[in-house]
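Remarks on the overall topology
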Amino acid sequence: MPPIPDTAAPGVSAATRPRLPFGLLRDLRHPAQIFEHLGPNWYASVMGTGIVANAAVTLPVHVTGLRPAATLVWVLAAALLVALTAAWAVHWRRHPTRARAHADHPVTAHFWGAPAMALMTVGAGTLTLGRHWIGLPTALAVDTVLWLSGTVLGLVTSVWIPYRAMTRHSVAPDGAFGGWLMPVVPPMVSAANGALLVPYAAAGQLRLTLLLACYAMFGISLFAALIITVQIWSRLVHHTSQPAALVPTVWIVLGPLGQSVTAANALGSVAPLALPRPYATGAEVFGLLYGLPAWGFAMMWLALAAALTARTVRAGLPFSLTWWSFTFPVGTCVTGTSALAMRTGSAALQGASAVLYVFLVVSWCTVAVRTVRGCARGGLFLPPPLTAST
């Protein structure tokens, strides 16, 4: 399938192009071109920023000044969400053909899962961090709206995008990549973040329904992710070469793994509020007995992804928005590790959560700086060099 067609107005010559101070947007034909190619993949920057704040709250170790810093990062994530959504609205208004075509592209389509997760990531931060700024009632209302919006959108993408891939996309035998997980992970994020809302739901059927729905969404995402992970593994084994720009997406596999550990333990903690014994006790036990094996596989995949990335870096790894894959998936491993540390009291897991969080912060700083630099030049707003075979 060819790249998404360019439906924008023709560019202007260098002589007539508006000149911005400090060489801003110098890689673009015109400043308005920043809206021309905005795809759903841009929401990965909101996810990656928000998880830095949310993961800080879960850490089982105390670090002076971490919570205020995390709150500022949450504010940044919220501002990014608002700004990006406004820019995307302009994109849809000015370039409707291109905007609709994102879902037809065999690579870009899968990143339709990012907006849903961005909404819920900011929502969770609003309840855990923003409540101290805007008050609990307002924070709860905002989180509820963002969680519901993200959940509905995530449930739609978990069916719509795989169906589109099965019926309309032209996918090569070596086409599986980490981005295939993006549309099916949102229900797992719904499950993990929905657990935060269970204590605030009215006791009785509403609270029970919310809890059961979260467990059902846990299953939707878990089984779909397992199927896709097998295909990614097969692609990596049978087709050793792939575009360097897609190598960072190998890290996305950590997303459903870490988030499932987080969700299993978060739901287990609130299950006694809605389920009778022995099921409430079973839910708590499940958090540990599922979480530890899944965490072990996540750490193995992290090592594998790191090795593949290091190999690609030596050959040349160009910067692109796929580098945000180094952030949110690692952040879910932080929250999952922290949940296991809190449940077991393990000093080893406490240390592991701290190490993973440091790695997350370093990754986020690196990617954020490169993103700002790319946006300032304007080149990051141009179409990514991904082909249909990927």
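All residue numbers here refer to positions counted from 1 along the written sequence of the relevant chain. Residue-level local features of this predicted model are given only where pLDDT is at least 70; pairs of side-chain atoms are given and counted only at 80 or more, and the full residue set underlies all totals for whole chains, interfaces and linings. In computing side-chain properties, one takes all heavy atoms of the structure into account and sets aside hydrogens as well as water.

**A word on the overall build of the protein chain**
Selection criterion: Think of it this way: any DSSP run of H or I at least four residues long counts as a helix, any run of E at least two long counts as a strand, and we number them from the N terminus. We compute the radius of gyration over the C-alpha atoms and compare it with the globule rule, which gives 2.2 Å times the number of residues raised to the power 0.38. When accessible area is computed with a 1.4 Å probe and restricted to protein chains, residues below 20% of their type maximum are described as buried, those above 50% as exposed, and intermediate ones as partly exposed. Note on contacts: a residue pair qualifies if any of its non-hydrogen atoms lie within 4.5 Å across the two residues. Neither His nor the chain termini are counted; the positive set is Lys and Arg, and the negative set is Asp and Glu. Charge coordinates come from a single atom per side chain, which is NZ of Lys, CZ of Arg, CG of Asp or CD of Glu.
Regarding its fold elements, the protein chain presents 11 helices and 0 strands. Against the compact-globule benchmark of 21 Å for 390 residues, the protein chain has a radius of gyration of 21 Å, which places it among compact chains. Summarising its shape, the C-alpha atoms of the protein chain cover approximately 70 × 50 × 40 Å along the three principal directions. Taken across its 390 residues, the protein chain has 53% of its residues classed as buried. When contacts within the protein chain are restricted to residue pairs at least 6 apart in sequence, long-range pairs at least 24 apart make up 82% of them. Each charge sign in the protein chain was given a centre, from 21 positive and 7 negative side chains, and these centres are 6 Å apart.

**Remarks on the pattern of salt bridges**
Note the following rule: Salt bridge, as used here: a side-chain nitrogen of Lys or Arg that lies within 4 Å of a carboxyl oxygen of Asp or Glu.
If you walk through the whole model with that rule in mind, you get 5 salt bridges. Where Arg 29 meets Glu 36, a salt bridge forms, and the shortest distance between an N and an O atom there is 3.4 Å. Here the salt bridges do not stand alone but share partners, grouping Arg 29, Glu 36 and Arg 98 into one network.

**Regarding the nonpolar core**
Quick note on the threshold: We call a set of buried Ala, Val, Leu, Ile, Met, Phe, Trp, Tyr and Cys residues a nonpolar core when their side-chain atoms join them within 4.5 Å.
Trp 42, Leu 181, Phe 218, Leu 254, Trp 301, Tyr 357 and Leu 360 are the most contacted members of the largest nonpolar core, which totals 113 residues. In terms of residues, this core owes the most to one element, helix 7 (residues 205-238), which gives 11 residues. Beyond its immediate stretch of four places on either side in the chain, Leu 254 contacts Gln 259, Ala 298, Trp 301, Leu 302, Pro 329, Val 330, Thr 332 and Cys 333.

**With respect to the side chain of Thr 157**
Quick note on the threshold: Distance and chemistry together define a polar contact, namely a pair of N or O atoms within 3.5 Å, with one atom able to donate a hydrogen and the other to accept it when in protein, and with adjacent residues in sequence counting only for side-chain atoms on both sides.
Within the fold, Thr 157 resides in helix 5 (residues 136-167). There is a polar contact of 3.3 Å between the side chain of Thr 157 and the backbone oxygen of Pro 183. Those residues in contact with Thr 157 that lie beyond four places of it in its chain are Trp 112, Gly 113, Pro 162, Pro 183 and Pro 186.

**A short note on the packing of helix 5 against helix 6 (residues 186-197)**
Filter applied, for reference: Here the axes come from fitting lines to C-alpha atoms, over the contacting stretch only for helices, and the angles between their N-to-C directions go from 0 to 180 degrees. Put simply, angles under 35 degrees are roughly parallel, angles over 145 are roughly antiparallel, angles from 65 to 115 are roughly perpendicular, and the rest are oblique. Two helices crossing with the near one rotated counterclockwise from the far one by less than a right angle form a left-handed crossing, whereas a clockwise rotation gives a right-handed crossing.
The N-to-C vectors of helix 5 and helix 6 enclose an angle of 155°; their axes lie 9 Å apart at closest approach. Regarding the angle of helix 5 to helix 6, the classification is roughly antiparallel. In this structure, helix 5 meets helix 6 at a crossing whose hand is left-handed. Across from Leu 140, Asp 143, Thr 144, Trp 147, Thr 151, Gly 154, Leu 155, Thr 157 and Ser 158 in helix 5, the residues of helix 6 making contact are Pro 186, Pro 187, Ser 190, Asn 193, Gly 194 and Leu 197.

**Description of a nonpolar patch on the surface**
Threshold: Without a salt bridge and with relative accessible area above 30%, a residue can belong to a patch; like charges are then joined within 9 Å and nonpolar side chains (Val, Leu, Ile, Met, Phe, Trp, Tyr) within 5 Å. For every accessible area listed, the method is Shrake-Rupley and the probe measures 1.4 Å; residues are considered covered only by the protein chains on display.
Residues Leu 72, Val 75, Trp 133, Ile 134 and Val 142 make up a contiguous nonpolar surface patch of roughly 440 Å² in combined accessible area. Mapped onto the nonpolar patch, the elements with two or more residues apiece are helix 2 (66-94) and helix 4 (113-134).

**Observations concerning helix 9 (residues 279-315)**
Just so we agree on the cut-off: Helix span is expected to be 1.5 Å times the residue number reduced by one. Two axes are fitted around each residue, one to the seven residues ending there and one to the seven starting there, and the angle between them is reported as the bend at that residue.
Helix length check: helix 9, at 37 residues, gives a terminal C-alpha distance of 52 Å against a target of 54 Å (1.5 Å per residue), a fit within 8%. At Gly 291, helix 9 shows its maximal kink, close to 30°; a proline, Pro 293, follows between one and four residues later. Once helix 9 ends, the next one or two residues include Gly 316, with phi positive near 120°.

**Considerations on the packing of helix 1 (residues 44-58) against helix 10 (residues 328-344)**
Two elements in contact, helix 1 and helix 10, have axes separated by 9 Å at closest approach and are oriented at 15°. Considering their axes alone, helix 1 and helix 10 lie roughly parallel with respect to each other. Seen from above, helix 1 lies across helix 10 with left-handed handedness. Residues Met 47, Gly 48, Ile 51, Ala 55 and Thr 58 of helix 1 form the contact with helix 10, whose participating residues are Phe 328, Gly 331, Thr 332, Val 334, Thr 335 and Ser 338.

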